[in-house]
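Residue-level structural notes
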Amino acid sequence: MAQLLRGWSSIDPRFKHIRPVVYTVSRVNFSGFTTGNGNGGNGAGNGGSNHSTAWSRYNYYRQQEFLRPPNASGWQYYGQQRNYGMLIGRVLRGVLKLRYLVLGSAIGGGVTLNKRYEEWKDGLPDMKWLEEVLPDNEKWAGFTKNLLAVKDAVKDSIEIDPRLKQLSEHKLNEWRQWFDQRLDNAIEAAETQQNPQIETTKEELKAKNTVNAKGLNAEESRKRVDTLQAQVDSLQTEIMNVQLKYQREVEKLEKENRDLRQQYLILRTNRKQPTKKRIKKSLIDMYSEVLDELSGYDTSYTTADHLPRVVVVGDQSSGKTSVLESIAQARIFPRGSGEMMTRAPVKVTLSEGPYHVAQFRDSEREYDLTKESDLAELRRDVEIRMRNSVRGGKTVSMDVISMTVKGPGLQRMVLVDLPGIISTQTVDMAPDTRDQIKHMTEHYMSNPNAIILCIQDGSVDAERSNVTDLVSQCDPLGKRTIFVLTKVDLAEDLADPNRIRKILSGKLFPMKALGYFAVVTGRGRKDDSIETIREYEEKFFKNSKLFQSGVTMSHQVTTRNLSLAVADRFWKMVRETIEQQADAFKATRFNLETEWKNNFPRLRESGRDELFEKAKGEVLDEVVNLSQVSAKKWEELMNSKLWEKLSSYVFENIYLPAAQSGSQNSFNTMVDIKLRQWAEQALPAKSVEAGWEALQKEFQHLMEVARRTPDHDDLYDNLKSAVIDEAIRRHSWEDKAIDMLRVIQLNTLEDRSVHDKQEWDQAVRFFEASVKDKLQATEKTIGEMFGPTTSQKWLHWRSSTEEQNKRRHVKSELDKILDSDSKHSPTLSYDELTTVRKNLQRCNVEVETDYIRETWYPIYRRHFLKQALNRAYDCRKAYYLYSQQGNDCEVNCSDVVLFWRIQQVIKVTANALRQQVINREARRLDKEIKEVLDEYGEDDEKKLQLLTGKRVQLAEELIRVRQIQEKLEEFINALNLEK
């Protein structure tokens, strides 16, 4: 009701003065009215009276028509206004509720953020000690202002007493310059290091250092100067101590930072291990891969490789390798005593990682640089690779040995360590060693974007340096050269401090540089660790007279400062030049692609690796075809090859000696003896040799058939031939095959009788064909010996030589002997030889006995073979007589039986060889061919030798340039993202 009245009061002004009454009524308990009990329920005396009073007031105001609406329409009007009011109230309540939610969330988030900030703040290291060491801005500004004023006051207060004019003007000028220089150095060091412990007022210093020359003698002036110099030295010493203290604290913080980052990298690596995602390469690793691609592509130094890298050059034993090891924070290179250790360029890629490890580019093994055993193995492997890269009697090599070193806190850069420049060659060096090292050094330094790290030995005379002249020739303005003076600990006692100052200020050598550094690379002990060397270096520069006397500045010393400077310059050079190099390779790629399209429009550019894989597939396909040769064809090949290998021995050592024995019984006996000896000794090995040659012949035949196909590519012919020849050279028949063949052949030769007519006919044909082949060969020999016949002279215009005419005279006499005795023995008797000589002498032909025998051999051989051929003709139809009478047959067919036995041996041998080829030898040959292909596939020199031609060279160059350009673009994108 109170809300209703509030709504009415907002509509009609008459309701405003009854708000207190309405409030009172609205708080009355009306429970008494519902029961009709005027007491307000069971004697609620006071309460009932209060209720009655309120009710009477309500009736009064109602009678006065303050609460009465004018009419029914008025009630409807009031109801609508009430609904609008309630709607507006709900909207306002929702808005206020949202505001409270937003305000509450903001307050809660702020409290949570503040709590997180306090927790993070509590986890930070305690840096309160800096408040005690470092001054506030007001103190420091005042100190600097006072010190500058002191400088001016001291300069103005120095007046020269006339009594000192007797001193040399030259000495006084030198003293003033020296004093001004000391003040400038002290002020510069103070401004650089911000020393808070030196606060001396202008008046105090002026009172202590004012030199009033008037009234003072020379001795007192000298004492004042000495006192002033002592104060300046004390000031500089204090500055140096503070600087070293700061540096130690900074190194401590950096070490803690490295440890924390190492733990972070380890946790991140362990978290990402189960996902097996592609590992994201670091920026320096991507850049190193580009350089590796270029080193393989640019072996002939014909391509302009102008990508930045840090080239470490210096004289031999100047300490350049030790400097590189100090930067890499590990002793990774082999060490020797005065001998040349670096024999090839070594590219070292430094990058940050959780573990201190090293790895070669072409190897997956990682060397733990925190273990001395791994360090020793790494040094040994580096030395082995260097010695293996040197070939052809050379002392140094152009082949690059690429390795990566990762570790916490390492500066990201790529360094190339080159062999040291020598001035004298020893007897164990190649004659061109000095020129080769010089050419290699000039090549790497001629890269306009290479950073030259010039290493100079501080312990030797500067006039003995060879490297400074080369560096000044390649970089005369010194825009990319950083000079490093090593072995400063040895030079401190040997060299003049002023000379060292000239070296480090660039005033001694005829060369310019971006910066000059002095480092200590060890104490001359091979077993010192990098940590020991760094501690020794820090201790030396802390106590060094060179540092304390102002010869060197703080930013010019220690390997750490050198590493930071080199890395900063390296990445600056990379960002300035990488785009130009990418554009250059893009243009080269476009030119090569255009040339390829003009020369080979329908071919895809395939490198040697891809071409080798295609050739490998074709060779293996031919090996598969070898297994598909039918058994019948294999037996035909084996029969042919076996008789080709055995025919000469059969005729010369078995058949002819037995046939010329004179009787059939002696023929059979001699044949049995000779056949058995042959089968036990030479026949099995000759059979294996024949089988191997048959296998080669068939394989080469299949390769030749493949060459005649329309889609044959002759680009692979050299490679295929080399692979097959090498596999055949390596292949050898199984040893147990010989023993198996010996048993089979001996058993076969024991059978001395022909079993049926078919085998007899085959033996006769075999005998006839063999005799005809030998007769044809004999006729050819006779034709060469006795010259052309009469028909050949007339038809082919050929004539006989004097020797051939002489042979003809001898032949005519020998023919008479054979005509008179058709069964003459194979040799001539002494009487027959004498008769022939005398007959020839009558014809004025003088010959020796040996000459007659030499002429007799082919003539008798032809005669004998013709008789054997006649016997073969006679034996064609003699099988039935042989089957009934055996060896006592009227027709002498012993030679047919011999050739039948030979034929049976050849058949069983061919069958055995065919089984061995199909079951064993073809597979073994396949295996050996695969081994040869695998070896050639890993041998780049073999592929370079066997896959040649313009097509291969152009494709290789195009593929390599494309890879380099893609890697460059990938690196540029990553570099832009890092920016």
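Residues numbered from 1 in each chain as written. Predicted model: local features only at pLDDT ≥ 70, side-chain atom pairs only at ≥ 80, totals over all residues. Heavy atoms only, no water.

A closer look at the overall build of the chain
Scanning the chain from terminus to terminus reveals 35 helices and 9 strands. Here the chain holds 979 residues, and the buried ones make up 41% of them. As displayed, the chain offers around 55600 Å² of accessible surface, 49% of which is attributable to carbon and sulfur atoms. (Helix = DSSP H or I, 4+ residues; strand = E, 2+ residues; numbered from the N terminus. Buried < 20%, exposed > 50% of the residue type's maximum accessible area, 1.4 Å probe, protein only. Areas by Shrake-Rupley, 256 points an atom, 1.4 Å probe, with all protein chains shown as cover.)

Overview of the nonpolar core
Ranked by internal contacts, the top residues of the largest apolar core, which has 102 residues, are Tyr655, Trp760, Leu814, Ile902 and Ile929. The dominant element in this core, judged by the number of residues it contributes, is helix α33 (residues 894–938), at 18 residues. Excluding residues within four positions of it along the chain, Ile902 makes contact with Trp643, Val650, Leu675, Trp678 and Phe766. Of all hydrophobic cores here, the second largest spans 65 residues; its members include Phe360, Met386, Leu958 and Leu968. (Core = buried A, V, L, I, M, F, W, Y, C linked by side-chain atoms within 4.5 Å. Contact = heavy atoms within 4.5 Å.)

A closer look at the packing of aromatic side chains
Summed over the entire model, instances satisfying the criterion amount to 18 aromatic pairs. With a centroid separation of 5.8 Å and an interplanar angle of 50 degrees, the aromatic rings of Phe483 and Tyr516 are classed as tilted. A residue pair is termed long-range when its members are at least 10 positions apart, and Phe483 in strand β8 (residues 481–486) and Tyr516 in strand β9 (residues 515–518) qualify at 33 residues. Judged on exposure class, the residue Phe483 and its partner Tyr516 are both buried. Between Phe651 and Tyr655, the aromatic rings sit 5.7 Å apart at their centres with planes inclined by 85 degrees, giving edge-to-face as the arrangement. Residue Phe651 and its partner Tyr655 are both found in helix α22 (residues 631–659); the two are separated by 4 residues, about one turn of the helix. Since its relative accessible area comes to 0%, Tyr655 is described here as buried. Of the aromatic side chains, those joined through ring pairs into one cluster are Trp643, Phe651, Tyr655, Phe766, Phe767, Phe864 and Phe899. We note Arg385 situated over the ring of Phe360; from NZ or CZ to the ring centre the distance is 4.0 Å. In this structure, Lys806 is placed above the aromatic ring of Tyr851, and the distance from its NZ or CZ to the ring centre is 5.1 Å. (Phe/Tyr/Trp six-rings, centres within 6.5 Å; stacked < 30°, edge-to-face > 60°. Lys NZ or Arg CZ within 6 Å of the ring centre and 35° of its normal.)

Description of the pattern of salt bridges
Per the stated rule, a full pass over the model turns up 48 salt bridges. Each of Asp672, Arg676, Glu680, Glu750, Arg752 and Arg901 takes part in one network of salt bridges that share partners. (Salt bridge = Lys/Arg side-chain N within 4 Å of Asp/Glu carboxyl O.)

Quick word on the confidence of the model for the chain
For the chain, the mean per-residue pLDDT works out to 75, and 68% of the residues sit at or above 70. Predicted confidence is poor over residues 1–51, with pLDDT under 50, and the contacts of this stretch with residues over four places away or in other chains come to 38 contacts. Confidence drops under a pLDDT of 50 for residues 157–168, and excluding neighbours within four residues, the segment shows 25 contacts in the predicted structure. (pLDDT = per-residue confidence, 0-100.)

So, the sheet that holds β9
Across the sheet, 9 strands lie side by side as β4-β3-β5-β2-β6-β1-β7-β8-β9; this open sheet has mixed pairing. The two strands at the open ends of the sheet, each matched to only one other strand, are β4 (367–368) and β9. In this structure, strand β1 (residues 310–314) lies alongside strand β7 (residues 451–457), joined through 5 bridges in parallel fashion. When the bridges of β7 are listed, Val312 appears paired with Leu453. Here helix α12 (residues 320–328) sits on the sheet and contacts β1, β2 (346–352), β5 (401–407), β6 (413–417), β7 and β8; the angle it forms with β6, its principal contact strand, is near 160 degrees. (Pairing = 2+ DSSP bridges. Axes fitted to C-alpha atoms, helices over the stretch in contact; angles between N-to-C directions.)

Structural notes on the packing of helix α14 (residues 433–445) against helix α15 (residues 467–474)
Where α14 contacts α15, the two axes come as close as 10 Å, and the packing angle between them is 35 degrees. Once α14 is placed against α15, the crossing between them reads as right-handed. Of α15, the residues touching α14 (which contributes Lys438, Glu442 and Met445) are Leu470, Val471 and Cys474. When the residues that make up the contact of α14 with α15 are grouped by side-chain class, the tally is 4 nonpolar, no polar and 2 charged. (Left-handed = near helix turned anticlockwise from the far one by under 90°. Nonpolar A, V, L, I, M, F, W, Y, C, P; charged D, E, K, R; others polar.)

Considerations on unusual backbone geometry
In this structure, Ser317 is a non-glycine residue whose phi angle is positive, near 65 degrees. With respect to the helices and strands, the residue Ser317 is situated in the loop between β1 and α12. Its relative accessible area of 43% is what places Ser317 among the partly exposed residues. One non-glycine residue, Asn844, adopts positive backbone phi at about 60 degrees. Here Asn844 shows up in the loop between α30 (830–842) and α31 (849–874).

Side note on the pairing of β5
Across the 7 residues of β5, 5 count as buried, placing the element largely inside the fold. Pairing of β2 with β5 involves 7 bridges; the strand directions are parallel. Bridge assignment links Ser351 to a residue of β5, and that residue is Lys406. Examined bridge by bridge, strand β3 (residues 357–360) and β5 share 4 bridges and lie antiparallel to one another. Within the sheet, the bridge partner assigned to Ala358 lies in β5 and is Val405.

Side note on the environment of Glu579
Counting through the fold element by element, Glu579 comes out in helix α20 (residues 559–599). The sequence separation of Glu579 and Glu969 amounts to 390 residues, and the corresponding C-alpha distance is 8.7 Å. Among residues more than four places away in sequence, those in contact with Glu579 are Ile972 and Asn976.

Things to note about helix α27 (residues 757–786)
Given a rise of 1.5 Å per residue, 30 residues ought to cover 44 Å, and the 42 Å separating the end C-alpha atoms of α27 matches this to within 8%. Positive phi appears at Gly787, one or two residues downstream of α27, with a value of about 90 degrees. (Expected span 1.5 Å × (residues − 1).)

Things to note about the environment of Ile482
Tracing the sequence through the fold places Ile482 in strand β8. By relative accessible area, which is 4% here, Ile482 ends up buried. It is 9.9 Å that separates the C-alpha atoms of Ile482 and Val312, two residues lying 170 residues apart in sequence.

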